[in-house]
Amino acid sequence: MRLRLSARIALTFSLLLLAVLVAAFVAVSAANRANAHREVDRQIGVGIRVFERVLESNRRQLAQAAQVLAADYGFREAVATHDADTQTSALENQGARIGSEVGVLISPDGVVMASTTPIVRPGERFTQAMLPALANEPVSAVVSAGGRVYQLVVVPVRSPLLVAWVAMGFQLDSHAVTELASVTGLQVTLLSGEGTVAASTLDMASLAAVIDHSPDWVTTEVPLGASGARALLSRSLSEALAPFEQLTRLLVLIAAAALAISALAVLGLARHIARPLQSLTRVIDRIRSGDYHVSVPVSRADEIGAVADGLRAMQGAVDARDRAIRELAYTDALTGLRNRTAFTSAVDGLIAERRGCVAVALVNVDRFRRINECLGYGAGDTVLRAWADRLRGGDFSDVAPARLAADHFAVARVMPDDAAARAWAGELLAALTTDVVFDGQPIDVRGTAGVALPPGEDASADLLLRCADAAVERARRAKSDVALYEGSPEDANRAQLSLWSELQRAVERDELRLYLQPKCRLKDGAPVGAEALIRWQHPERGLLGPAEFVPFAEQTGLIRSVTQWALERAVAAAARMAREGVRLPISVNISAVDLADARLPARVHQCLEAAGLPPALLKLEITESGFIDDPAHALEVLDALAALGVGLSIDDFGTGYSSLSYLARMPVSELKIDRSFVIDLRQPETAAVVRSAIELADRLQMQTVAEGIEDAGVAERLREMGCEIGQGYHYAKPMPEPDYERWVGARVVKDTAAAAPSVAASA
Ligand code: C2E
Ligand code: MG
Ligand code: MG
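These numbers come from a predicted model, not from an experiment. (Residues numbered from 1 in each chain as written. Chains lettered and ligands numbered in written order. Predicted model: local features only at pLDDT ≥ 70, side-chain atom pairs only at ≥ 80, totals over all residues. Heavy atoms only, no water.)

1. Points about the overall build of the protein chain
A count of helices and strands for the protein chain gives 26 helices and 26 strands. Here the C-alpha atoms of the protein chain give a radius of gyration of 70 Å, more than 25% beyond the 27 Å that 2.2 N^0.38 yields for 763 residues. On the principal axes, the C-alpha backbone points of the protein chain span a range of 210 × 60 × 50 Å. Counting only residues that meet the buried cut, the protein chain has 43% of its 763 residues in that class. The contacts of the protein chain with a sequence gap of at least 6 include a subset with a gap of at least 24, amounting to 64%. When the accessible area of the protein chain is evaluated, it comes to approximately 38000 Å², of which 55% is carbon and sulfur surface. A distance of 1 Å separates the average location of the 77 positive side-chain charges in the protein chain from that of its 93 negative side-chain charges. (Helix = DSSP H or I, 4+ residues; strand = E, 2+ residues; numbered from the N terminus. Rg over C-alpha atoms; globule rule 2.2 N^0.38 Å. Buried < 20%, exposed > 50% of the residue type's maximum accessible area, 1.4 Å probe, protein only. Contact = heavy atoms within 4.5 Å. Areas by Shrake-Rupley, 256 points an atom, 1.4 Å probe, with all protein chains shown as cover. Lys, Arg positive; Asp, Glu negative; His and termini not counted. Charge placed at Lys NZ, Arg CZ, Asp CG, Glu CD.)

2. As for the coordination of the magnesium ion (ligand 3)
Tetrahedral coordination by four donors places them ideally at 109.5 degrees to one another around the metal; octahedral coordination by six donors ideally gives 90 or 180 degrees. Listed as protein donors to the magnesium ion (ligand 3) are Asp651 (OD), Asp652 (OD), Glu707 (OE) and Glu707 (OE); their distances from the metal cover 1.9 to 2.5 Å. Each donor residue of the magnesium ion (ligand 3) belongs to the same chain, with the gaps between them written as D-D-x54-E. For the pair the magnesium ion (ligand 3) and the magnesium ion (ligand 2), the metal-to-metal distance amounts to 4.1 Å, and Asp651 bridges them. On the criterion of sequence distance, the pair formed by Asp652 in strand β22 (residues 647-653) and Glu707 in strand β24 (residues 703-707) is long-range, its members being 55 residues apart. (Donors = N, O, S within 2.8 Å, 3.2 Å for Na, K, Ca; no water.)

3. Brief notes about the state of the cysteines
One covalent bond between the sulfur atoms of two cysteine residues makes up a disulfide. Counted according to the given criterion, the structure contains zero disulfides. Between Cys467, a free cysteine, and Cys357, which holds the nearest cysteine sulfur, the sulfur-to-sulfur gap is 12 Å. Among the residues examined, Cys467 registers a relative accessible area of 1% and is labelled buried. Here Cys723 stays unpaired: no disulfide links it, and the sulfur of Cys520, its closest cysteine neighbor, is 12 Å away. (Disulfide = S-S within 2.5 Å.)

4. Describing the packing of helix α10 (residues 377-393) against helix α11 (residues 418-432)
Packing of α10 against α11 brings their axes to within 9 Å, and their N-to-C directions diverge by 130°. The angle between α10 and α11 falls in the class oblique. The crossing of α10 and α11 is right-handed. In contact with Trp387, Arg390 and Leu391 of α10, α11 contributes Leu428, Ala431 and Leu432. Its residues placed into classes, the contact of α10 with α11 shows five nonpolar, no polar and one charged. (Axes fitted to C-alpha atoms, helices over the stretch in contact; angles between N-to-C directions. Parallel < 35°, antiparallel > 145°, perpendicular 65-115°, else oblique. Left-handed = near helix turned anticlockwise from the far one by under 90°. Nonpolar A, V, L, I, M, F, W, Y, C, P; charged D, E, K, R; others polar.)

5. Let's talk about the pattern of salt bridges
One pass over the full model with this rule turns up 33 salt bridges. A salt bridge links Glu39 to Arg42; its shortest N-O distance comes to 2.6 Å. One end of the pair is Glu39 and the other is Arg42, both in helix α1 (residues 5-71) and three residues apart, which spans about a single turn. Note on Glu39: relative accessible area 32%, which makes it partly exposed. For Arg42, a relative accessible area of 47% puts it in the partly exposed group. Taken together, the shared-partner salt bridges in this structure form one network comprising Lys519, Glu531, Lys619, Glu621, Glu670, Lys672 and Glu707. (Salt bridge = Lys/Arg side-chain N within 4 Å of Asp/Glu carboxyl O.)

6. Quick notes on a nonpolar patch on the surface
A cluster of nonpolar side chains, contributed by Leu3, Leu11, Leu15, Leu18, Val22, Phe25, Val26, Leu251 and Val252, occupies part of the molecular surface with about 720 Å² of accessible area. Of all the secondary-structure elements, those providing two or more residues to the nonpolar patch are α1 and α6 (237-288). In terms of residue count, α1 provides more of the nonpolar patch than any other element does, six residues in total. The topology assignment puts Leu18 in helix α1. (Patch = residues over 30% accessible without salt bridge, like charges linked within 9 Å, V, L, I, M, F, W, Y side chains within 5 Å.)

7. A short note on the site of ligand 1
Taken together, the neighbourhood of ligand 1 is formed by 20 residues, with Glu531, Asp651, Arg675, Glu710 and Tyr729 sitting nearest. Here Glu710 contributes a side-chain N or O atom positioned 2.5 Å from a nitrogen atom of ligand 1. Here an oxygen atom of ligand 1 sits 2.8 Å away from a polar atom, N or O, in the main chain of Tyr729. The protein chains hide 83% of the 790 Å² of surface that ligand 1 would expose on its own. (Near = heavy atom within 4 Å. Polar contact = N/O pair within 3.5 Å; in protein donor to acceptor, adjacent residues only side chain to side chain.)

8. Quick look at the packing of aromatic side chains
Applying the stated criterion across every chain, the model contains two aromatic pairs. On the basis of an interplanar angle of 50° and a centroid distance of 5.6 Å, the ring pair of Trp387 and Phe409 is categorised as tilted. Pair noted here: Trp387 is in helix α10 and Phe409 is in strand β12 (residues 408-414), with a separation of 22 residues, a long-range link. When its relative accessible area of 0% is taken as the criterion, Trp387 is described as buried. (Phe/Tyr/Trp six-rings, centres within 6.5 Å; stacked < 30°, edge-to-face > 60°.)

9. Quick notes on the coordination of the magnesium ion (ligand 2)
Looking at the magnesium ion (ligand 2), the protein donor atoms are Glu531 (OE), Asn589 (OD1), Glu621 (OE) and Asp651 (OD), and they sit 1.9 to 2.2 Å from it. Ordering the donors of the magnesium ion (ligand 2) by residue number gives the pattern E-x57-N-x31-E-x29-D. What makes Glu621 buried here is its relative accessible area of 0%.

10. Observations regarding the sheet that holds strand β2 (residues 112-115)
On the basis of which strands lie adjacent, the open sheet formed by five strands has the order β2-β1-β5-β4-β3 and antiparallel pairing. Bordering the open sheet on either side are β2 and β3 (139-145), each of which pairs with just one other strand. Recorded for the sheet is a direction-independent mean angle of 25° between the axes of neighbouring strands. For β3 and strand β4 (residues 148-158), the ladder comprises seven bridges, and the chain directions are antiparallel. (Pairing = 2+ DSSP bridges.)

11. A short note on the packing of α1 against helix α2 (residues 73-80)
Two elements in contact, α1 and α2, have axes separated by 5 Å at closest approach and are oriented at 70°. Taken together, the axes of α1 and α2 are roughly perpendicular relative to one another. Contacts between α1 and α2 involve Leu69, Ala70 and Ala71 from the first element and Tyr73, Phe75 and Arg76 from the second. Residue composition of the contact of α1 with α2, grouped by class: five nonpolar, no polar and one charged.

12. Side note on the pairing of strand β10 (residues 358-365)
β10 sits mainly inside the fold: eight of its eight residues count as buried. Covered by surrounding structure in β10 are Val358, Val360, Leu362 and Asn364 together with Ala359, Ala361, Val363 and Val365, the residues of both alternating faces. Summarising the sheet, β10 and β12 pair through seven bridges and their orientation is antiparallel. For Val360, the partnering residue across the bridge sits in β12 and is Ala412. Both β10 and strand β15 (residues 447-452) contribute to a ladder of six bridges, which runs antiparallel. The residue bridging Asn364 from the neighbouring strand is Thr448, located in β15.

13. Here we look at the sheet that holds strand β6 (residues 187-191)
If you trace the four strands from one edge of the open sheet to the other, you get β7-β6-β9-β8, paired in antiparallel fashion. Of all strands in the sheet, those bounded by a partner on one side alone are β7 (197-200) and β8 (217-223). Along the sheet, successive strands turn relative to each other by an average axial angle of 20°, direction set aside. Running over the sheet, α6 touches β8 and β9 (230-236) and is turned about 30° from β9.

14. Some details on the pairing of strand β20 (residues 586-590)
With four of five residues buried, β20 is to be regarded as a mostly interior element. The pairing of strand β18 (residues 527-538) with β20 spans three bridges and is parallel. By the bridge assignment for β20, Ala532 is matched with Val588. Direction of pairing for β20 relative to strand β21 (residues 618-623): parallel, over a ladder of five bridges. Looking at β21, one finds that Ile586 is bridged to Leu618.

Now the structure itself:
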């Protein structure tokens, strides 16, 4: 069992005190006992001396009285005349004077002549021993007779010769012992020569104890002359100890009271210490569980108070540090805006409030990469901070504005409808699209915004963000400042699917499919190559087009694996067909993310080597936006790819912002005019643009390929304009690899030895 701290302190202290008290008690008791013994011994010593003095004083009194009588003339005459009556009355008179009961007149030969006591009668013989023959001096002795004890003094009666002896004495009876006892303070017992008790101050029981040498009694025997009589001087030990014992009892009482009081006091003191410690322990437990605001309920001036103060200070410090860490975890270090995590949870909170429809707007800095590239990262940072300041300064968001990634900013607001959302995004862009001054120079900064309103019932912040992202992408493609997400709820649900892991799995499980769409000579429709277009055979959702997963793959970087897959498959297909005599190049689409990877040329080279495909039978299509962000680096990679011998093509020409200066420097051999121009060819302005593009390609010694030819008329017009090659449903839709092989097999003359039939070769 674990005792509480207060109980342990109280118990320890009380046990200590008890031990001290017991030791003191034992010592005091032993001292008391020794003292009592010493006192009894001393009293007995004094008693003996007093007893002897009393006997001596008796002897003197008796001797004097007897000598006076012996010297009395009348008495001597009565002795001489044997006048017994006179002798007896003289003895009685003198005896009465000193209170002596015994008066005896004895003849020189020892016969009693007269007596005042019945113990010796005239005519009897007196104790011979008492009568020294020639004694002149009084003789004193204690004699015992008939069980009684007497003190006698015998003096001679001379006239002038010895005529008689006078003996006078006191009986040492109970009166005498009482007197002796009162003088000595001891119990006195007289024993006769025969051993019987002559007199005693003791009661019968005590007397028996004394005679039996009981340890309770201290007794000293004083011999009284030759008669064998003796006196016992006794003192009871228990009686002597009684006052000490009373003292001891008092002491025990005081000790018990002291023990009880001190135990209570110590318990109180211990509680005074233990209680606040318990409260502090509880506080520590709460702090440990993350509650930093629990109040510390101890405030004192002593050491425990100091501990409580320390705890309070620690609590504050831990709280501050905790908050700082949280702040760091939710704040973007560069701009001080919230980060993605904080923004997502704030928007989810706003949605949960159900105040209305929550719209999310994403704004990206246009050509941000270029700003970094041309003006340095300092300029890029300045632009981002300037935008952050404007977002913070303006009233654009119901939650704290955030920077999600490099140049992606986000705000959220409750919006009544699409029109309001569009207006909101417009205001947002207007506030952001002003010059930012860096190093004294104004930088023209523009942005593109995408706005997402909840596409279905249950929109999460995450879904809104993805939709807004898609809207930004749409705005970019449509070359407008703002776009609203227009996906159906089904689209939203699709977006919500965990594309990441699914797509990763798709590559691993070979769920991707390679489709090929022929490129044909406009002049006669002969196939001159094919473009590899990817599809995803989704296990649940069926065959998905690239629009449903390629943008996502580009955002997440997964596109590298997808491209690698397409590259390997396309190269393998081209190699196989080349071996079978169809030596037509296949084009593979390369995204901007791939182009940013300096290892792309090495990967392409490895692929060609592995399949044994001549580099000329591979083309890579790069969209304009692929080199727009980092043209210098893109140029390096393109040069390296060109050095391998593979053909390079600019895809979707006209939709990007590629500068003509870069175009001239790119090692590109093909230019693909975007589908949107081809479809719109009836418009004179569009036709003019297409014509100039064809002329430009011609000047730069590039082949022109027109995408999206859906009918013969368009093909014809394009041919007239000078375009050589076309691609579109008019010739064939994208088809699976085997279909393409059949399709193309039916249209080309197989030539296993000769070079691939190409437009250049046949032209
Ligand atoms: P893109 O490279 O411009 O490909 C041409 C797109 O136009 C293809 O769409 C094709 O099916 C479509 N098309 C061809 N002829 C016609 C026509 O006559 N009328 C119409 N309306 N459309 C026509 P698809 O296959 O949906 O591919 C879309 C885009 O996805 C491609 O545009 C390309 O940018 C991208 N993509 C496809 N496969 C890959 C790939 O393996 N890697 C990468 N990075 N992107 C790919
Ligand atoms: Mg393409
Ligand atoms: Mg294209």
